[in-house]
Amino acid sequence: MLFKVIAKEELKRLFELLASSHTVVGPVKTGRDRTGLPLYAFDEVERFEDLSLDYAMTKIPAKRFFLPYREDMAVFEMRKDDWNKKVDYNMDRPRIFFGMHPCDINALNRLDKVLMGETYPMPYYIAKRQNTVIIGIDCTPRPYCFCRSMAADTALHGFDMFLTDIGERYFAEILSDTAFNFLRLIKTAEPAGEDHVLYKKAAAARNERFVTQVDTTDLMKILDMEFQSDVWKQWGDKCLSCGTCSNVCPTCYCYSVEATVDLKLTTARKTKMLYSCNLIDFAEVAGAHNFRPERHIRLKYRYYHKHRGFVEAYEESLCVGCGRCGESCLAGITVPEVIASVRSTL
Amino acid sequence: MLNSGRTYLGVPVSRPKVGFFDFSSCEGCQLQMVNNESTLLDFLALVQIVNFREAMTGESDDYDIAFVEGSITRPDEVDRLQAIRSRAKVLVALGSCACFGGVNQLKNRFRDLPWVKETVYGGAAVETDVVRPLHDVVTVDLMIYGCPVRKEEVEKVVTNIAIGKEIAYPKYPVCMECKANENICLFDLGEACLGPVTRAGCGAWCPGSRAGCWGCRGPADDPNMEQMKRLMQERGISEEMILDRLECFGGFCEFSDALRAEMSKENP
């Protein structure tokens, strides 16, 4: 692995060089909540000053830059006796993602397994994923982060470069020739012994800040045992079936498709829209039969996909433990509490 | 009636005769129809408008589809609505007043209706009774929700009628569209919002402008009202404020009536 150290003002210079010729996306401050805490979002950034590299967590994940909430899959132009189908992967130029936390990088890595896998590759996703350069950055864990329990606290791949703040400088881990060539634009240095010490200190300090844990021991088996448990009903009674958990989840990828015809009757579109398994008609089929009309059943299946089905297929959970769903859920349903209740022997 | 020479995938399409009608309302939903100039000509090419008091002078009793705005509050309105129903093949309730009674039905919430009439109209001889949505009086084939309706949604409905495509509305609540628009949740800002229980389709119009939802489109399918009440209470929003929102457009009357009854039982 290739390491470099970068002075902080040099990172600013790198950003400015990249932003002058590329679309750069990164964390920005969007306001404050009712308790005065800053709110963050990923957005296009033109000035380094607008970037909040020390951001806590964005409410909405980086997902929409890879899986937009709404996206045309095909546009049909209809003529008198003929029609023409146009497909666009909706990625007109490469993008640089400046400042992504390990949980979000791991979320993309897990999405890759499904959407870039051999069975059903999704070109709309692949086009965006392969044309995005990712510069990762370390984070300060918040109280509701449980990424460690989901083995997503460290990103091992799926990015081009990863930065760790070691005080005066950034410690950079380089994974691609793209990132290596970027760094040739600015002044960097080889890490010295003291940089290694500072890095290890920063990593240890970060580790101490993880407070929430989810016990995943035998979780697949326990979920199988507790399929009929009453706890699902209790959580289901609270669930608003509003789909917020899926919309803020960095790995929920289910979608619905709608076909629309314009007023002129000359253009039609097939549009994909990210959906949620908690929505009432998620399992509704032709003839209006609904396989999952009850809230608690829908909620349960979301947990079974994340923590059981995906684990069986890919040997890791689809949940990365970012905590966004629990934080955004107006009914206060959180992953650590749901799993603890299922594990409970009471 | 066929739309002269117009086809969809080679198949001739119909150009239905359409009438717009208004009852007790602000007529703002109809105004939405003439508001969007960029698509107005395309809309007019798709349908033949034969009756539209707000936008044209002529009128005709020969129409296939009647778009009806407003609620019913007077005996003569009942007669007029029944006449429209008898002529139209399809009757569409346009907007919250037609679907649920709308803001007008707030009047029904007062126990003493003669007092309301006296306070609002003084001695003027205005004949007005309890406010009713259209479906209380006639069979309604289709409802287009919203206060006001979204023109895009009406256009979609009309397009689907013309080409014979199914008309469907979102069954999920506004939160779904609000999150997709990346809005900051109004509860994070300490405000109230009915987004978690109100039917989507508006594109989270109000929350996108940092105004909490008042439920003008009525409830989503199987809304969790018990949890909605609980989460508002947990955030210090009083039952009176919850009722204010639930009662505003009439779509949630089943739930607001129950909540009011529950409250009066607790504090008689």
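## Quick notes on the overall build of chain A
Helix and strand counts for chain A stand at 11 helices and 11 strands. For 346 residues, the compact-globule estimate of 2.2 N^0.38 gives 20 Å, and the C-alpha radius of gyration of chain A, at 22 Å, lies within 12% of that figure. With the C-alpha coordinates of chain A rotated into their principal frame, the extents come out at 70 × 65 × 45 Å. Taken over 346 residues, chain A has a buried fraction of 37%.

## Brief notes about the overall build of chain B
Each helix and strand counted, chain B has 11 helices and seven strands in total. Its C-alpha atoms give chain B a radius of gyration of 20 Å, within 12% of the compact-globule value 18 Å for 268 residues. Along the first, second and third principal axes, the C-alpha atoms of chain B reach 65 × 50 × 30 Å. Within chain B, the proportion of its 268 residues that are buried is 43%. Intrachain contacts of chain B at a sequence separation of at least 6 include 72% that bridge at least 24 residues.

## A look at the sheet that holds strand E9 (residues 169-174) of chain A
Residue and element names in this part refer to chain A. Spatially, the seven strands line up as an open sheet ordered E1-E9-E8-E7-E6-E2-E3, and their pairing is mixed. Across the chains shown, the open sheet's two edge strands, defined by having one partner strand only, are strand E1 (2-7) and strand E3 (38-44). Along the sheet, successive strands turn relative to each other by an average axial angle of 25°, direction set aside. Summarising the sheet, strand E7 (residues 132-137) and strand E8 (residues 161-165) pair through three bridges and their orientation is parallel. If you follow Gly136 over to E8, its bridge partner there is Phe162. Its contacts with the sheet place helix H1 (residues 8-19) against E1, strand E2 (23-32), strand E6 (95-100) and E9, and it is angled at close to 100° to E1.

## A look at the domain arrangement of chain B
Residues and elements named next belong to chain B. The domain architecture assigned to chain B consists of domain 1 (2-163) and domain 2 (175-266). The distance between the C-alpha centroids of domain 1 and domain 2 comes to 26 Å. Counting from both sides, the interface comprises 15 residues of domain 1 and, opposite them, 11 residues of domain 2. It is helix H4 (residues 96-100) that provides the largest number of residues to the side of domain 1 that touches domain 2, a total of three residues. Of the residues contributing to the side of domain 1 that touches domain 2, the split by class is seven nonpolar, five polar and three charged.

## Describing helix H11 (residues 335-343) of chain A
Residue and element names in this part refer to chain A. Those residues of H11 lying buried are Val335, Val338, Ile339 and Val342. One face of H11 carries all of its buried residues, which in axial projection span an arc of 95°. In the core, the buried residues of H11 are packed alongside helix H6 (219-225), helix H7 (231-238), helix H9 (295-314) and helix H10 (324-328).

## Some thoughts on the domain arrangement of chain A
Residue and element names in this part refer to chain A. Domains assigned within chain A are domain 1 (2-207) and domain 2 (219-252 + 278-343). Between the C-alpha centres of domain 1 and domain 2 there is a distance of 27 Å. Taken together, the contacts link 21 residues of domain 1 with 18 residues of domain 2. Here the side of domain 1 that touches domain 2 is built from residues that sort into 14 nonpolar, two polar and five charged.

## A look at the sheet that holds strand E6 (residues 90-94) of chain B
All names here are of chain B. Read from one edge of the open sheet, five strands run E4-E3-E5-E6-E7, paired in parallel fashion. Of all strands in the sheet, those with a lone pairing partner are strand E4 (48-52) and strand E7 (142-144), marking the two edges. Averaged over all pairs of adjacent strands, the angle between their axes in this sheet comes to 25°, without regard to strand direction. By the bridge criterion, four bridges tie strand E3 (residues 17-22) to E4 in an arrangement that is parallel. Across the sheet, the residue bridging to Gly19 is Asn51, located in E4.

## A few points about the pairing of E9 of chain A
Residues and elements named next belong to chain A. Here six bridges tie E1 to E9, and the two strands are oriented antiparallel to one another. Bridge pairing links Phe3 to Glu173 in E9. As judged from the five bridges shared by E8 and E9, these two strands associate in the antiparallel manner. Each bridged residue has a counterpart across the sheet, and for Asp165 the counterpart in E9 is Tyr170. Connecting E8 to the next strand, E9, in antiparallel fashion are three residues, including Gly167 with a positive phi near 105°.

## What about H9 of chain A?
Residues and elements named next belong to chain A. Here H9 spans 27 Å end to end across 20 residues, near enough to the 28 Å set by a 1.5 Å rise per residue. Largest kink in H9: about 45°, centred on His305. When we look at burial in H9, the residues that qualify are Arg295, Arg298, Leu299, Lys300, Arg302, Tyr303, Lys306, His307 and Arg308. At its buried positions, H9 is contacted by H6, H7 and H11. The first or second residue beyond H9 is Glu315, which carries a positive phi of 60°.

## Examining the pairing of E2 of chain A
All names here are of chain A. Of the pairings in the sheet, the one linking E2 to E6 comprises three bridges and is parallel in character. Directly across from Val24, in E6, lies its bridge partner Ile96. As defined by bridge partners, E2 adjoins E3 across seven bridges and the pair is classed as antiparallel. Note that in E3 the partner of Gly26 across the bridge is Asp43.

## What to know about the interface of chain B and chain A
With 34 residues of chain B in contact, the opposing surface of chain A contributes 34 residues. Within the residue set of the side of chain B that touches chain A, elements represented by two or more residues are strand E1 (2-8), helix H2 (37-46), helix H6 (151-163), helix H7 (175-180) and helix H9 (225-234) of chain B.

## Observations concerning the nonpolar core
Counting residues in hydrophobic clusters, the biggest one holds 142 residues, and the most contacted among them are Phe98 of chain A together with Ala66, Val68, Val92, Ala93, Leu94 and Ile144 of chain B. Ala66 of chain B has contacts with Gly19, Phe21, Ile84, Ala88, Leu91 and Val92 of chain B, leaving out every residue within four places of it along the chain.

## What to know about the packing of helix H10 (residues 239-248) of chain B against helix H11 (residues 253-266) of chain B
Residue and element names in this part refer to chain B. Close contact between H10 and H11 brings their axes to 9 Å; oriented N to C, the two are set at 155°. One finds that H10 runs roughly antiparallel with respect to H11. Note that H10 runs across H11; the crossing there is left-handed. Facing Glu239, Leu243, Leu246 and Glu247 of H10, the residues of H11 in contact are Phe255, Ser256, Leu259, Arg260 and Met263. Broken down by class, the residue content of the contact of H10 with H11 amounts to five nonpolar, one polar and three charged.

Reading the values: rules and limits
- Residues numbered from 1 in each chain as written.
- Chains lettered and ligands numbered in written order.
- Predicted model: local features only at pLDDT ≥ 70, side-chain atom pairs only at ≥ 80, totals over all residues.
- Helix = DSSP H or I, 4+ residues; strand = E, 2+ residues; numbered from the N terminus.
- Rg over C-alpha atoms; globule rule 2.2 N^0.38 Å.
- Buried ≥ 20, exposed ≤ 12 C-beta atoms within 10 Å, placed from the backbone.
- Contact = placed C-beta atoms within 7 Å.
- Pairing = 2+ DSSP bridges.
- Axes fitted to C-alpha atoms, helices over the stretch in contact; angles between N-to-C directions.
- Domains from an automatic or database assignment.
- Nonpolar A, V, L, I, M, F, W, Y, C, P; charged D, E, K, R; others polar.
- Arc of directions from axis to C-beta.
- Expected span 1.5 Å × (residues − 1).
- Bend = angle between axes of the 7 residues up to and from the residue.
- Core = buried A, V, L, I, M, F, W, Y, C linked by C-beta atoms within 7 Å.
- Parallel < 35°, antiparallel > 145°, perpendicular 65-115°, else oblique.
- Left-handed = near helix turned anticlockwise from the far one by under 90°.

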